[in-house]
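# Results of the structural survey
Residues per chain, in single letters:
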There are 4 protein chains.
Amino acid sequence: MLNVGIIGAGRIGQLHASNILSSSLLNLKGISDIHIEHLKGTIYEQKVPVITTDPEKIFQDPEVDAVFICSSTDTHLNFIKSAAKAGKHILCEKPISFNLGETEEALQAVKEAGVKFQVGFNRRFDKHFRKVCDTVQAGKIGSPHIIKVSSRDPEPPPEEYVKRSGGMFMDMTIHDFDMVRYLSGSEVIDVSVKAANLVDPMFGKNGDVDTAVITLTFENGAIAVIDNSRQAVYGYDQRIEVFGDSGAVSAENEAQTNVQIATKESVTIDHPKHFFLDRYKDAYIEEINQFAKAILEDKPLLCTGEDGYKAELLALAASVSWKEKRSVSLSEVFTVTAT
Amino acid sequence: MLNVGIIGAGRIGQLHASNILSSSLLNLKGISDIHIEHLKGTIYEQKVPVITTDPEKIFQDPEVDAVFICSSTDTHLNFIKSAAKAGKHILCEKPISFNLGETEEALQAVKEAGVKFQVGFNRRFDKHFRKVCDTVQAGKIGSPHIIKVSSRDPEPPPEEYVKRSGGMFMDMTIHDFDMVRYLSGSEVIDVSVKAANLVDPMFGKNGDVDTAVITLTFENGAIAVIDNSRQAVYGYDQRIEVFGDSGAVSAENEAQTNVQIATKESVTIDHPKHFFLDRYKDAYIEEINQFAKAILEDKPLLCTGEDGYKAELLALAASVSWKEKRSVSLSEVFTVTAT
Amino acid sequence: MLNVGIIGAGRIGQLHASNILSSSLLNLKGISDIHIEHLKGTIYEQKVPVITTDPEKIFQDPEVDAVFICSSTDTHLNFIKSAAKAGKHILCEKPISFNLGETEEALQAVKEAGVKFQVGFNRRFDKHFRKVCDTVQAGKIGSPHIIKVSSRDPEPPPEEYVKRSGGMFMDMTIHDFDMVRYLSGSEVIDVSVKAANLVDPMFGKNGDVDTAVITLTFENGAIAVIDNSRQAVYGYDQRIEVFGDSGAVSAENEAQTNVQIATKESVTIDHPKHFFLDRYKDAYIEEINQFAKAILEDKPLLCTGEDGYKAELLALAASVSWKEKRSVSLSEVFTVTAT
Amino acid sequence: MLNVGIIGAGRIGQLHASNILSSSLLNLKGISDIHIEHLKGTIYEQKVPVITTDPEKIFQDPEVDAVFICSSTDTHLNFIKSAAKAGKHILCEKPISFNLGETEEALQAVKEAGVKFQVGFNRRFDKHFRKVCDTVQAGKIGSPHIIKVSSRDPEPPPEEYVKRSGGMFMDMTIHDFDMVRYLSGSEVIDVSVKAANLVDPMFGKNGDVDTAVITLTFENGAIAVIDNSRQAVYGYDQRIEVFGDSGAVSAENEAQTNVQIATKESVTIDHPKHFFLDRYKDAYIEEINQFAKAILEDKPLLCTGEDGYKAELLALAASVSWKEKRSVSLSEVFTVTAT
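What you are looking at is a predicted structure, and each value in this text was computed from that prediction instead of being measured.

A few words now on the interface of chain C and chain D. For interface size, the figure often reported is the accessible area lost on association. Counting from both sides, the interface comprises 31 residues of chain C and, opposite them, 31 residues of chain D. At the boundary of chain C with chain D, the tally comes to 4 salt bridges. Two residues, D282(C) and K281(D), come together in a salt bridge whose shortest N-O distance is 3.8 Å. Linking chain C to chain D there are 14 residue pairs in polar contact (both at pLDDT 80 or more). Mapped by element, the contributors of at least two residues to the side of chain C that touches chain D are α6 (127-137), β12 (247-251), β13 (259-263) and α11 (281-296) of chain C. The class makeup of the residues in the side of chain C that touches chain D is 8 nonpolar, 12 polar and 11 charged. As paired elements, β13(C) and strand β12 (residues 247-251) of chain D share 5 bridges and run antiparallel to each other. Along β12(D), the bridge assignment pairs T263(C) with G247(D).

Next up on the list: the domain arrangement of chain A. All names here are of chain A. Taken as a whole, chain A is organised into domain 1 (2-115) and domain 2 (124-279 + 309-338). Using C-alpha coordinates to define each centre, domain 1 is positioned 27 Å away from domain 2. The interface of domain 1 with domain 2 comprises 11 residues on the first partner and 15 residues on the second. Taking both sides of the interface into account, the surface hidden between domain 1 and domain 2 amounts to around 1200 Å²; carbon and sulfur atoms contribute 68%. Run the count over domain 1 and domain 2 and you get 1 salt bridge. Here D171 and K94 are joined by a salt bridge, their closest N and O atoms 3.9 Å apart. Counting every contact that joins domain 1 to domain 2 gives 4 residue pairs in polar contact (both at pLDDT 80 or more).

This brings us to the relation of the copies chain D and chain A. With an RMSD of 0.0 Å, the operation that places chain D on chain A is a rotation of 180° combined with a shift of 0.0 Å along the axis. The relationship between the two copies is best expressed as a two-fold rotation axis. For chain D, the minimum C-alpha distance to the rotation axis belongs to R326(D) and amounts to 3.3 Å. Mapped onto chain A, 100% of the interface residues of chain D are again interface residues, and the two copies thus contact each other with one and the same surface.

On to the packing of aromatic side chains, then. In this structure the tally under the stated criterion is 32 aromatic pairs over all chains. On the numbers, 5.7 Å between centres and 75° between planes, the contact of F68(C) with F291(C) is edge-to-face. Taken together, the positions of F68(C) in strand β4 (residues 66-69) and F291(C) in helix α11 put the pair 223 residues apart, joining distant regions of the chain. Across this residue pair, the class does not change: F68(C) and F291(C) are buried. A network of ring pairs unites the aromatic residues F129(A), Y236(A) and Y280(A) as a single cluster. In this structure, R279(A) is placed above the aromatic ring of F129(A), and the distance from its NZ or CZ to the ring centre is 5.3 Å. The ring of F243(A) has R152(D) lying over it, and the distance from NZ or CZ to the ring centre is 4.4 Å.

The next thing to look at is the relation of the copies chain C and chain D. Superposition record for chain C on chain D: RMSD 0.0 Å, screw rotation 180°, translation along axis 0.0 Å. Mapped onto chain D, 100% of the interface residues of chain C are again interface residues, and the two copies thus contact each other with one and the same surface.

The next subject is the sheet that holds strand β5 (residues 89-92) of chain A. Residues and elements named next belong to chain A. Across the sheet, 6 strands lie side by side as β3-β2-β1-β4-β5-β6; this open sheet has parallel pairing. For this open sheet the edge positions go to β3 (50-52) and β6 (117-119), each flanked by a neighbour on one side alone. Shown here is a sheet whose adjacent strand axes are inclined to one another by a mean of 20°, direction ignored. When strand β1 (residues 2-7) meets strand β2 (residues 26-32), the two strands line up parallel, connected through 6 bridges. In the sheet register, V4 faces β2, and the bridge partner there is L28. Relative to the sheet, helix α11 (residues 281-296) contacts β1, β2, β4 (66-69), β5 and β6, its axis offset from that of β5 by approximately 160°.

Here we take up the sheet that holds β4(C). Sheet strands line up and pair through hydrogen bonds in the backbone, either parallel or antiparallel. Residue and element names in this part refer to chain C. Strand order across the open sheet formed by 6 strands is β3-β2-β1-β4-β5-β6, with parallel pairing between neighbours. The two strands at the open ends of the sheet, each matched to only one other strand, are β3 (50-52) and β6 (117-119). The average undirected angle you get between the axes of adjacent strands in this sheet is 20°. Strand direction decides the pairing type here: β4 and strand β5 (residues 89-92), joined by 4 bridges, are parallel. By the bridge assignment, A66 is partnered in β5 with H89. Those strands touched by helix α4 (residues 76-85) are β1 (2-7), β4, β5 and β6, and its axis lies near 160° from that of β5.

Glancing now at the confidence of the model for chain A. Of all residues in chain A, 98% attain a pLDDT of 70 or more, and the chain-wide mean is 96. Scoring the predicted complex yields pTM 0.96 and, for the interface, ipTM 0.95.

The next point concerns the pairing of strand β7 (residues 144-152) of chain C. All names here are of chain C. Of all 9 residues that make up β7, 9 are buried, and the element is covered over most of its length. Examined bridge by bridge, β7 and strand β10 (residues 223-229) share 7 bridges and lie parallel to one another. Looking across to β10, one finds that K148 is bridged to V225.

The rules behind the values
- Residues numbered from 1 in each chain as written.
- Chains lettered and ligands numbered in written order.
- Predicted model: local features only at pLDDT ≥ 70, side-chain atom pairs only at ≥ 80, totals over all residues.
- Heavy atoms only, no water.
- Contact = heavy atoms within 4.5 Å.
- Salt bridge = Lys/Arg side-chain N within 4 Å of Asp/Glu carboxyl O.
- Polar contact = N/O pair within 3.5 Å; in protein donor to acceptor, adjacent residues only side chain to side chain.
- Helix = DSSP H or I, 4+ residues; strand = E, 2+ residues; numbered from the N terminus.
- Nonpolar A, V, L, I, M, F, W, Y, C, P; charged D, E, K, R; others polar.
- Pairing = 2+ DSSP bridges.
- Domains from an automatic or database assignment.
- Buried area = accessible area lost by both parts, 1.4 Å probe.
- Least-squares fit on C-alpha atoms with pLDDT ≥ 70 in both.
- Phe/Tyr/Trp six-rings, centres within 6.5 Å; stacked < 30°, edge-to-face > 60°.
- Buried < 20%, exposed > 50% of the residue type's maximum accessible area, 1.4 Å probe, protein only.
- Lys NZ or Arg CZ within 6 Å of the ring centre and 35° of its normal.
- Axes fitted to C-alpha atoms, helices over the stretch in contact; angles between N-to-C directions.
- pLDDT = per-residue confidence, 0-100.

Okay, structure coming up:
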């Protein structure tokens, strides 16, 4: 079993903690957070040997094999460097940082330490999307021509979150950028954004958007389109489609139930699952199991630091496209950030 | 939390054990089975305080609040009596016994001891079927007129299992008998069976059937029809429908994924989940949580000994109907078994 | 082209007339009805050479190749005999008569005249059901084990219709009896009915039922179940399923549109088509085209007098089963009616 | 009834002719084409009073109320002018011309003559899309934020067709441009295209593309995205979705049948309808009925010359966007074409 420490006990840190406690592959050795009062009286207090405000107690614990970095994005770089230096494998939530230079620095530290590093693109571990990707990779739909991702949150986050989110492209679309790379099996050439502030003026006030259609072209000729909204009132809308010269493969939403009710007035089916923790419940478990297996069996990770870096690059290109109202070439952004 | 002991560590006993270990409502204090070698080296050995071949160690443990009886059906009666006598609440797998007299004896012991008794009709705790039932009870489809249950196993059990199963009606249809009672909100008047041995001659050799269509009429006027097969090659087929004077409500199968693949040759969707442990994974968790809550909060059980008894009565009536090729009135069976 | 005369210009007669006028295979030479005032000013008056109250003008017209008998059931026998005697091919609406003796007499007249005779089981010509049947016949689902037909009208007919309908089994279930024969590729051994008067007391007052579940066993071992209601408030419900040892094939309802509307309150899809003329619009066209082709190319009919007779036999058996509350063997009914 | 003459007896002209012959609202008085040999021996020769190579025989027939212009696009302008001068109402296939100047000239002639002019955007008359539009206009999904159209042909047209097609945007996407205007209830601000030649090098050789993702922003803030392919091997793919602040409405493909086949190997559903004449069969009938009603009852047309003009403007803007690899503002194109 893989012994794990968690840095950051917010919503996502606690989700991982809970999943580890039910796991037969991972073992939870410690949790560190700047605040630990909220863990009092919880199952974590009973079952986790170390709960601390000092992350070094995790990093320096010789029994800990790997750390999950679930703290706020601005703290990732330092924690990654400390963890890497201590020889711990790392699962880091997305984005790695808000700044490609910092992300490069983090990945350089990981490389030098020779530890494994997985970025938290949980959707790669969703069984539906996994099957879509497997179908594409098996050649069943031929060469991909058009890739479509609909990704809409059920409701907008609070303003405090928006302020610290890095903007919609870095916070939300980043998952979709990773998904289109994953599905296309190719790298992006350019990014073109149409975006707007239609859901809530609060986004605009904070220099952000809440609605976008993003088009990308790939080296293999495929064209992808992502549509995003911060508010789909009917639930968490997460659909993908890959269309190629031999066919198409798509994944529909997961409904809350498969129940249909027919009356004189209407025929209703159930809403999509509403919340990401519900929609991706099994994907989060699969994500940490695959991480554990990659380490325990020394196999390649399914989702690497480079994947995290490239998705951030796309988010940055999207921001430039939106601000400058033009198509942005990846080479151009890469040059900017590399200097 | 509810402290639980498990009697019988076969497939279903281990399933409950695993669910309890991940639960925040139940606590696993002990497991008893006539064979315990197969538990060596498992997570149960690590995490369960008592693993024993002597069930009395469970029954006499003052810390144990409730027992799950998961042993073979022919042992249920004795274990129920011992558990009741020891003042333990009971969750017993179906059927309670193969014999209505024994079932009555068991329920009498439970009644005298004043303990709670839940029978293992896991499907009542499936979210899809629960929503169908709630919709009916809320009056949204009016008075039920026609109730349909398709219940088909993915593959036949081995001959050894069939010999000890009590026959298809008692082993498999019993879940469907409970479901139509649950959905109709009424009691059965008569049962009429058309059955056949079409899947495998082995069933016939053992005096059993593998295919059946069972029609039931209810006191409230509704008519139900159950269709069963021991072998649906495409997966575990579990669908229900209630049709009433104001509408209809139905639950479709759960597919393995929501992925669709369209090519020149075909458009394919995914198979239904294949195995009952997969299809009813969440229902099994909900089943024990509801049991724990009913005890911890002293609330009524959602599935009682009487429900178990009545489903057995229907299985018996179905056997008579099949053998005598006629419609069988419940009152008639009840008289027979009461004498 | 096939020259056709229509006997009976009610709803179904006019439907055929309209379809013939748009057809490139059939030509409408005349319409006869006891009332013809309602045809004044219609397109039929403009486009049909003969409109008459005297059916003999149709039967004796040497240019007429075939007649469609669309008058009330009690007039079928005489019209069939007249048409057969005049050497006209016949498409007759269902049932051929309310009385197996009369049906035999009609079919005898047809046989003696050597004309072709098709009974109006329009559903055999529905593209969905046709594909189900073709799939079964191609062996794709193996030997049929269970056949299911849901057949529910959107709303009850008026009392006047009910009085003259021959009862639900002869009027409505007759289509389903034909369908299970068509789908099973086998003949029925016995029929067992559970029926009730749940929709409207008017049916009971007229000695009829409005809700039924009918089970049939077949010579090839298959078991079929039909469920009927005179009132499905959500629309015309017409679904079939054949389950066999290698798989299952089913046809769902046709919805009015493929539109889905998702809001915070609900996710709605469209109702099934409401009316049989809408649901089976294309089937009615295919029915007459296949009739015309069978005659013009001298090929076997897809739906014969024998099919009509056997469905009536099943309707009669169902009536007996319902009245005597027992399973009825076809051989037994056949004996009764043959004397 | 409306008396109609048809100019151009190719595939679409014959389709209209056939629909008129079955119609109770329209009457076919004549057909004109430069070639009429292919009509010999057809139902048209029997049933249409005038079949001629001289279109003036149609235009000068005082009994003709309206003409359907179904000839090749390069002939539209002259025929429209002749028809308008003769006081005939006009239904003209899309595009009106390949050149906005000519289209303006045609519409000017129509305006001066005071006749009605409908452009052949048949999809507006599809029941599915009509319901989507009605749902949007009724405010049920609130303000539209994102509009999605998937429009993929089943197979590429022959090279001869491509050469004369005006390019994919003018030939194929023009329907989608009209659809997004229809669905948004607003006018386009700018158009941005990513396109490629992925299906067949023949398109590239002819300066055309076969695959495209086109993004449009609207005055009301909505963003639309159209994806096109000249070859969807699984059938004619025609789906739309409108997402707004109160919900979403979408229309799925029409399948050939509603049949599902489940075996051990696969669960298959049917392909989408393959051919546009099949998919839009009823829409073509509704299109001419609405045209006839608008004239007979002097009501507004549902699809005007201005709609034709604006869709052509969008096709032109798309061409510029594709060639210059930039977002193109409609105002800019309008200026270019107006000079």
